[in-house]
Amino acid sequence: MAKKTLAEIHQQIDKLQQEAAALKAKEKGGVVARILEAIAHYDLTPQELFGKAVVAKPTRKSAKPASKGKATKSTAAIKYRDDAGNAWVGKGKRPAWFNAALAAGKTPEDLLVK
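Thresholds applied
Residues numbered from 1 in each chain as written. Predicted model: local features only at pLDDT ≥ 70, side-chain atom pairs only at ≥ 80, totals over all residues. Heavy atoms only, no water. Core = buried A, V, L, I, M, F, W, Y, C linked by side-chain atoms within 4.5 Å. Buried < 20%, exposed > 50% of the residue type's maximum accessible area, 1.4 Å probe, protein only. Helix = DSSP H or I, 4+ residues; strand = E, 2+ residues; numbered from the N terminus. Contact = heavy atoms within 4.5 Å. pLDDT = per-residue confidence, 0-100.

### Remarks on the nonpolar core
- Judged by nonpolar contacts, Tyr-80, Trp-88, Trp-97, Phe-98, Ala-101 and Leu-111 together constitute the single largest core of six residues.
- Considering each element in turn, this core owes the most residues, three residues, to helix H3 (residues 96–103).
- If we skip the residues at most four places from it in the chain, Leu-111 touches Lys-79, Tyr-80, Arg-81, Asp-82, Trp-97, Phe-98, Ala-101 and Lys-106.

In structure tokens form, the structure reads like this:
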């Protein structure tokens, strides 16, 4: 048995995934047709198929959204950023990436956004 390289295995995986997608697309049309036929034959309604969640009730929109406890993300200007794209505004508990950068020898000044 000849050994395959990782690249060859990835090529096989890609080829098989493409074949699977093509078969699924080919079969999908027949499945939809059979489902539509059954819906028509049994006079099924969306509520019978999907439950009460399908029935949308009209909603009133208030002028101001209700607060649900925890505040959303801060819109304060970013003060610190690392090379990986992690950012911190400089308020609250120091994030783990900031502490790790300090432990690795960086200074807070090195991480300041300029």
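Let us keep going from here.
### Examining the environment of Val-113
- Tracing the sequence through the fold places Val-113 in the segment after helix H4 (108–111).
- Val-113 gets classed as partly exposed once you look at its relative accessible area, which sits at 40%.
- Residues Val-113 and Tyr-80, 33 residues apart in the sequence, show an inter-C-alpha distance of 5.3 Å.
- Once residues within four sequence positions are removed from consideration, Val-113 is found in contact with Ile-78, Lys-79, Tyr-80 and Arg-81.

### Observations concerning the confidence of the model for the protein
- Chain-level statistics for the protein give a pLDDT mean of 85 and a share of 80% at 70 or above.
- Of all helices and strands in the protein, the one with the weakest mean pLDDT is helix H2 (residues 46–50) (87), whereas helix H1 (residues 6–42) scores best (93).

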